[in-house]
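Single-letter residue listing:
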Amino acid sequence: MPSVVVLNQSGEKVKDLELSEVFATPYNQQVVYDVVNAQRAAMRQGTHDTKGRSEVRGGGRKPYRQKGTGRARQGSTRAPQWVGGGTVFGPTPRSYAFKLNKKVKKLALKVVLSYKLSEKNLIAVDKMTFDAPKTKEFAKFLENIKAEGKTMVLCGVEEFDEFTNLSARNLQTVFYTPVDNASVYEILCYKNLVVTEAAIKYYEEVLK
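Okay, so let's go over this structure. (Residues numbered from 1 in each chain as written. Predicted model: local features only at pLDDT ≥ 70, side-chain atom pairs only at ≥ 80, totals over all residues. Heavy atoms only, no water.)

Brief notes about the packing of aromatic side chains
Worth spelling out the cut-off: Between the rings of Phe, Tyr and Trp (Trp by its six-membered ring), a pair exists once the centres lie within 6.5 Å; its type follows the angle of the planes, with under 30 degrees stacked, over 60 edge-to-face, and the other angles tilted. Under the DSSP-based scheme used, a helix requires at least four consecutive residues in state H or I and a strand at least two consecutive residues in state E, with every element numbered from the N terminus. We call a residue buried when its accessible area falls under 20% of the maximum for its residue type, exposed when it is over 50%, and partly exposed in between, using a 1.4 Å probe and counting protein chains only.
Applying the stated rule across the entire model yields eight aromatic pairs. With 5.6 Å between their ring centres and 70° between their planes, phenylalanine 138 and phenylalanine 141 make a pair best called edge-to-face. Highlighted residues: phenylalanine 138 and phenylalanine 141, both in helix H3 (residues 135-144), separated by three residues, approximately one helical turn. Here the two residues phenylalanine 138 and phenylalanine 141 agree in accessibility, since each one is buried. On the numbers, 6.4 Å between centres and 70° between planes, the contact of phenylalanine 138 with tyrosine 176 is edge-to-face. Of this pair, phenylalanine 138 sits in helix H3 while tyrosine 176 sits in strand S5 (residues 174-178), placing them 38 residues apart in sequence. Taking relative accessible area as the criterion, phenylalanine 138 reaches 0% and is therefore assigned buried. Chaining the aromatic ring pairs together yields one cluster made of Phe130, Phe138, Phe141, Phe160 and Tyr176.

Right, here's the structure in full:
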């Protein structure tokens, strides 16, 4: 089974943590693609809208008589072939979300976590505690554990606190969130993945 070095906030080694098979999942590109595609589709607003002939203004009266003019018969000036007429088969508000099996979602999360570990981009810390909301302190913490570049920081569900959240919020390249709120797409958007021991335990229980 794989293992990871657990650091404290000063960047010092605390212990070696043995990980479960959750963090030893072979890479599966198709599963990751399917889940990311589904998550991105669900993020689309789908608020686009065009008006059909029944929604545009005007056109209640027949433009001219049925026979005797030599022109094609017309019933409304708001038919699609008229300027100012309605749109045929135009986009209407809809949801782009589609369903994926739970097993596929769980497998994709295991694959991504294993990939981060294999690429040495997963950094484990024992805990994160801040006495006050100070961005400088959080930046110092990331510097101590050598988390350079875009970084996603995951804490246990019970560990999430407002001081840490406020300390991390002003750092543009950092995203701090509880472990149950992290998606496959978000994890892939960041180079480094910083996880607490509680977050690792959560994944090992939920994804086994």
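Looking at the layout of surface pockets
Condition: Every definition here rests on a 1 Å grid over the protein atoms only: cavities are sets of points where a 1.4 Å probe fits but cannot get out, pockets are open sets enclosed by protein on both sides within 12 Å along at least five of seven lines, and lining residues have some atom within 4 Å of a point. Grid points are joined across faces, edges and corners, and a volume is the space filled by probe spheres set on the points. Note on residue categories: nonpolar means Ala, Val, Leu, Ile, Met, Phe, Trp, Tyr, Cys or Pro, charged means Asp, Glu, Lys or Arg, and polar means any other residue, Gly included.
In this structure, the largest pocket spans a volume of roughly 170 Å³. Contributing to the lining of the largest pocket are Val35, Ala38, Gln39, Ala42, Phe98, Lys99, Leu100, Lys105, Leu109, Ala182, Ser183 and Val184. Taken together, the elements giving at least two residues each to the lining of the largest pocket come down to helix H1 (29-43) and helix H2 (102-118). When residues of the lining of the largest pocket are assigned to their parent elements, the largest contribution, four residues, is made by H1. Looking at the lining of the largest pocket residue by residue, the class counts come to eight nonpolar, two polar and two charged.

What to know about the pairing of strand S3 (residues 122-125)
Basically, it comes down to this: Being paired, for any two strands, means DSSP has found at least two bridges between them.
Residues Leu122 and Ala124 point to one face of S3 and Ile123 and Val125 to the other, with burial holding for every one of them. Bridge analysis of strand S1 (residues 3-7) against S3 gives two bridges, and the strand direction is parallel. Counterpart to valine 6 in the pairing with S3 is alanine 124. Note: S3 against strand S6 (residues 192-196), four bridges, orientation parallel. Within S6, the position partnered with leucine 122 by the bridge is leucine 193.

Description of the side chain of asparagine 8
To be explicit about the condition: N or O atoms within 3.5 Å of each other form a polar contact, as long as, within protein, one can give a hydrogen and the other can take it, and as long as residues adjacent in sequence are counted only when both atoms are side-chain atoms.
With respect to the helices and strands, the residue asparagine 8 is situated in the loop between S1 and strand S2 (13-18). Within the structure, the side chain of asparagine 8 is placed 3.0 Å from the backbone nitrogen of serine 10, a separation counted as a polar contact. Polar contacts involving the side chain of asparagine 8 include one to the main-chain amide nitrogen of glutamate 12, which spans 2.8 Å.

As for the environment of glycine 84
What counts, and what does not: Contacts were defined at the residue level, with two residues in contact if any of their heavy atoms lie within 4.5 Å.
Mapping glycine 84 onto the fold places it in the loop between H1 and H2. For glycine 84, a relative accessible area of 46% puts it in the partly exposed group. Taking C-alpha positions, glycine 84 is 9.6 Å from glycine 59, a pair spaced 25 residues apart along the chain. Those residues in contact with glycine 84 that lie beyond four places of it in its chain are Val56 and Arg78.

Comments concerning the packing of H1 against H2
Filter applied, for reference: Fitted lines through C-alpha atoms give the axes, limited to the stretch in contact for helices. The angle between two N-to-C directions lies from 0 to 180 degrees. Angle categories: roughly parallel below 35 degrees, roughly antiparallel above 145, roughly perpendicular from 65 to 115, and oblique for all the rest. Handedness of a crossing is defined here by the sense of rotation of the near helix relative to the far one, left-handed for an anticlockwise turn of less than a right angle and right-handed for a clockwise turn.
H2 packs onto H1 with a crossing angle of 115° between their chain directions and a minimal axis gap of 9 Å. By the criterion of interaxial angle, the relationship of H1 to H2 is roughly perpendicular. By crossing handedness, the relation of H1 to H2 is classed as left-handed. For the pair formed by H1 and H2, the contact residues are Val31, Val32 and Val35 on the first element and Val104, Lys105, Leu107, Ala108, Val111 and Val112 on the second. Along the lines of polarity and charge, the residues of the contact of H1 with H2 split into eight nonpolar, no polar and one charged.

Brief notes about the sheet that holds strand S4 (residues 151-155)
The strands making up a sheet associate through backbone hydrogen bonding, with each pair oriented either parallel or antiparallel. The six strands are arranged S2-S1-S3-S6-S4-S5 in an open sheet whose pairing can be described as mixed. Looking at the sheet topology across the chains shown, the edges are occupied by S2 and S5. The mean inter-strand angle of the sheet, taken between neighbouring strand axes irrespective of direction, is 25°. Running over the sheet, H2 touches S1, S3 and S6 and is turned about 90° from S3. Against the sheet, helix H6 (residues 197-206) engages S1, S2, S3, S4 and S6, with an angle of about 90° to S6.

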